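If you want the building blocks of each chain, they are given just below.
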Amino acid sequence: MKITGAEVVLESLREQGVDTVFGYPGGAILNVYDALYKQNKIHHVLTSHEQGAAHAADGYARATGKVGVCFATSGPGATNLVTGIATAYMDSVPVVAITCNVTVPLLGKDSFQEIDIAGITMPITKHNFIVKDVKDLAPTMRRAFSIAKSGRPGPVLVDIAKDVTGATVEYEFVPQKKATKKDTDLLSRVHKVLQNGKKIEIKLNSTEIDLDEIDNAVKLIEEAKKPFIFVGGGAVISEASEELAQFVDLVDAPVCDSLMGKGAYDGTKANYTGMLGMHGTKTSNIGVSKCDLLIAIGVRFSDRVIGNPNEFAKNAKILQFEIDAAEINKNIRVDASVIGDVKGILKLLNPKLTKANHKEWLDEIYSYKEKYPLTYPKEGLSGPFLVEKLYEKTKGDAVIVTEVGQHQMWAAQFYKYKKPHTLLTSGGLGTMGYGLGAAIGAQVALKNKQVVNIAGDGCFRMNLNEIATAAREHLPLIQIIVNNHVLGMVRQWQNLFYGKRYSATVLDDGVDFVKVATGLGAIAKRVTTREEFESALDEALKCDDPYVIDCIIDSDDKVWPMVAPGAPISESFDENDL
């Protein structure tokens, strides 16, 4: 059939199973929005700003594991997506951003609202495309989705000239093919491994994994007396929780995680020690510093995790499982690695392992957990109290979204994540303003789940206009503002390392978030005590529309423990050490 390029865009989205897009219209993309108006298969969420659309597509993708999609027009519409695209890139989130540009004859002539968005986003996308011929449009859309979700996922941008969206072309709908058993057999590599002396076959529909690397990993694991398992976002992305739980049981080791790895391993387990790194637990930091084998699963050894790289896990051999070969020996030298999808690696590895017994090592770790628990004041409203009470009231079953700063660390420390895709946060780029848009995306995707965005007052200011989006869509999300009237994490550094010179971090302008949120269509309350917060949270959990809780806490509350920048993680300290 012959249809317009704008209709090709929408039909291509339907091919990929897309049912929701987030965006903001403008002149160059009008043909696409006109086609959107004439159909009812794809739900469009009109955000308040293009950055909100990018973050919503990101949150949708993280919450579901599917590709998130956002629309923007040319020029400033496209550039407003950039921070959201970069956020997705740093955290390996599959997003397809679709922008429209000026017509082909006007490209390169500094035309009104023309921008080289492909050039701008080249360093922060897995790939990007400029479509100048309508015949290339459908194949390009299919390639964009394939690239976004394959291997290590990430964002892809498709920029389409406006006259391409208006031109007509022959188009045939090609639905996503559901793999049959025959297809799976053709795509899979059959691995034969020994389990209890018997040969078994394991089929992996993934990048080929070197069996010699697997055997070397088995040898290192069997030789270890004090193994420690460090889990990152790769284990979440690869949906490897079941295989990871089996692996941990076989290795009989303590487990820590990165911010991005939350929920890959059940955070309520006794052998789980919490987050590693700058604001990780003392137990995790000491344990990794004392272990003799660190097994790193789907991690990239961020500077916030490793501290001083020369001192990181210096008593241990390091074994890394990672899909992206570029991450091996990038930040930390490792002794061995297995390249491939984490789920596939563990499927091959587990049958080769015999169950170990590391009781003495685990007892040592348990003694650290008892000696160095996470604590906070027993009276008054505080960030940790808010998070713990939220965990209690939601029974640990909510999807938690955060902005960036102190509240983000408290959410990582005091909410126990039992399943993957339940903490959505900007880990790599550290994007203030990420959370509310991402929460909208997650709540649109997960209609029967409670989504809660936790924000500092500094972050909330960045994109608070998206409260209007949540209200327009009648989303029952909860927005908790941890309001200390300062830029809390920056102030903490100024307090500890800059002689208490609080340059430009005091937010004392009297902005009333309750009035602002109410004006944008939400229900809102301010709370100053524990009892008031508990009452407001009970109301919010029963509400069918967005509910904002403005929680007033002390300006000098800090995130403990902490590792000073450049120091070894073994030198983690808290207020009792000062």
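See the structure printed just above.
Described below are features of the structure shown in this document.

Parameters at a glance
- Residues numbered from 1 in each chain as written.
- Predicted model: local features only at pLDDT ≥ 70, side-chain atom pairs only at ≥ 80, totals over all residues.
- Heavy atoms only, no water.
- Core = buried A, V, L, I, M, F, W, Y, C linked by side-chain atoms within 4.5 Å.
- Buried < 20%, exposed > 50% of the residue type's maximum accessible area, 1.4 Å probe, protein only.
- Contact = heavy atoms within 4.5 Å.
- Helix = DSSP H or I, 4+ residues; strand = E, 2+ residues; numbered from the N terminus.
- Expected span 1.5 Å × (residues − 1).
- Pairing = 2+ DSSP bridges.
- Axes fitted to C-alpha atoms, helices over the stretch in contact; angles between N-to-C directions.
- Patch = residues over 30% accessible without salt bridge, like charges linked within 9 Å, V, L, I, M, F, W, Y side chains within 5 Å.
- Areas by Shrake-Rupley, 256 points an atom, 1.4 Å probe, with all protein chains shown as cover.
- Salt bridge = Lys/Arg side-chain N within 4 Å of Asp/Glu carboxyl O.
- Parallel < 35°, antiparallel > 145°, perpendicular 65-115°, else oblique.
- Left-handed = near helix turned anticlockwise from the far one by under 90°.
- Nonpolar A, V, L, I, M, F, W, Y, C, P; charged D, E, K, R; others polar.
- Phe/Tyr/Trp six-rings, centres within 6.5 Å; stacked < 30°, edge-to-face > 60°.
- Lys NZ or Arg CZ within 6 Å of the ring centre and 35° of its normal.

## Remarks on the nonpolar core
Here is step 1 of the chain: Core analysis: the biggest nonpolar cluster contains 48 residues, and F22, C70 and F460 have the highest contact counts within it.
Here is step 2 of the chain: Ignoring anything within four residues of it in the chain, the contact list for F22 reads H44, V45, T47, A53, A56, A57, Y60, V69, C70, F71, G441 and V444.
Here is step 3 of the chain: If you look at the next biggest cluster of nonpolar residues, it comprises 38 residues, including A6, V8, L137 and A148.

## With respect to helix 3 (residues 50-64)
Here is step 1 of the chain: In this model, helix 3 (15 residues) spans 21 Å end to end at C-alpha, consistent with the 21 Å of a helix rising 1.5 Å per residue.
Here is step 2 of the chain: Buried residues dominate helix 3, accounting for 14 of its 15 residues.
Here is step 3 of the chain: Count one or two residues on from helix 3 and you reach G65, which has phi positive near 85°.

## Brief notes about the sheet that holds strand 14 (residues 293-297)
Here is step 1 of the chain: The strand order 13-12-11-14-15-16 describes an open sheet built from six strands, whose pairing is parallel. Edge strands, defined here as strands with exactly one partner in the open sheet, are strand 13 (272-275) and strand 16 (336-339). Ignoring strand direction, the axes of neighbouring strands in this sheet form an average angle of 15°.
Here is step 2 of the chain: The sheet contact formed by strand 11 (residues 227-231) and strand 14 spans five bridges and is parallel. Its bridge partner being in strand 14, F230 is matched across the sheet by A296.
Here is step 3 of the chain: Contacting strand 11, strand 12 (255-257), strand 14 and strand 15 (317-322), helix 12 (residues 241-251) crosses the sheet at an angle of about 165° to strand 11.

## Some words on a nonpolar patch on the surface
Here is step 1 of the chain: Taken together, the side chains of Y89, M90 and L429 define a hydrophobic patch exposed on the protein surface, amounting to about 240 Å² of accessible area.
Here is step 2 of the chain: Checked against the element boundaries, Y89 lands in helix 5 (residues 82-90).
Here is step 3 of the chain: Judged by its relative accessible area of 35%, Y89 is partly exposed.

## Digging into unusual backbone geometry
Glycine aside, a negative phi is what most residues show, and trans is what most peptide bonds show.
Here is step 1 of the chain: Cis geometry is found at the peptide bond from W560 to P561, where omega equals -5°.
Here is step 2 of the chain: Positionally, P561 belongs in the segment after strand 22 (547-552).
Here is step 3 of the chain: Phi at F301 takes a positive value of approximately 50°, unusual for a residue other than glycine.
Here is step 4 of the chain: By secondary structure assignment, the location of F301 is in the loop between strand 14 and helix 14 (303-306).

## Some remarks on the packing of helix 17 (residues 383-394) against helix 18 (residues 406-414)
Here is step 1 of the chain: Where helix 17 contacts helix 18, the two axes come as close as 9 Å, and the packing angle between them is 45°. As the angle between them shows, helix 17 and helix 18 are arranged oblique. Helix 18 is crossed by helix 17, and the crossing has right-handed handedness. Contacts from G383, P384, V387, E388 and Y391 in helix 17 reach W410, A411 and F414 in helix 18.
Here is step 2 of the chain: By residue class, the composition of the contact of helix 17 with helix 18 is six nonpolar, one polar and one charged.

## Structural notes on helix 17
Here is step 1 of the chain: Taking 1.5 Å of rise per residue, 12 residues should cover 16 Å, and helix 17 covers 17 Å from first to last C-alpha, within 8% of that figure.
Here is step 2 of the chain: All buried positions along helix 17 are accounted for by G383, P384, F385, L386, V387, K389, L390, Y391 and T394.
Here is step 3 of the chain: Just downstream of helix 17 lies K395, where phi reads positive at about 55°.

## Remarks on the packing of aromatic side chains
Here is step 1 of the chain: A full pass over the atoms with the stated rule returns 13 aromatic pairs.
Here is step 2 of the chain: The interplanar angle of 75° and the centroid separation of 6.4 Å between the aromatic rings of F228 and W361 together place this pair among those described as edge-to-face. Here W361 lies in helix 16 (residues 359-371) and F228 lies in strand 11, a separation of 133 residues in the sequence.
Here is step 3 of the chain: Look at Y376 and F414: their rings are 5.6 Å apart centre to centre, the planes differ by 85°, and that puts the pair in the edge-to-face class. Remark: F414 occurs in helix 18 and Y376 occurs in the loop between helix 16 and helix 17; sequence separation between them is 38 residues.
Here is step 4 of the chain: Taken together, the ring pairs in this structure connect F230, F301 and F312 into an aromatic cluster.
Here is step 5 of the chain: Taking the ring centre of Y391 as reference, the NZ or CZ of K416 above it sits at 5.1 Å.

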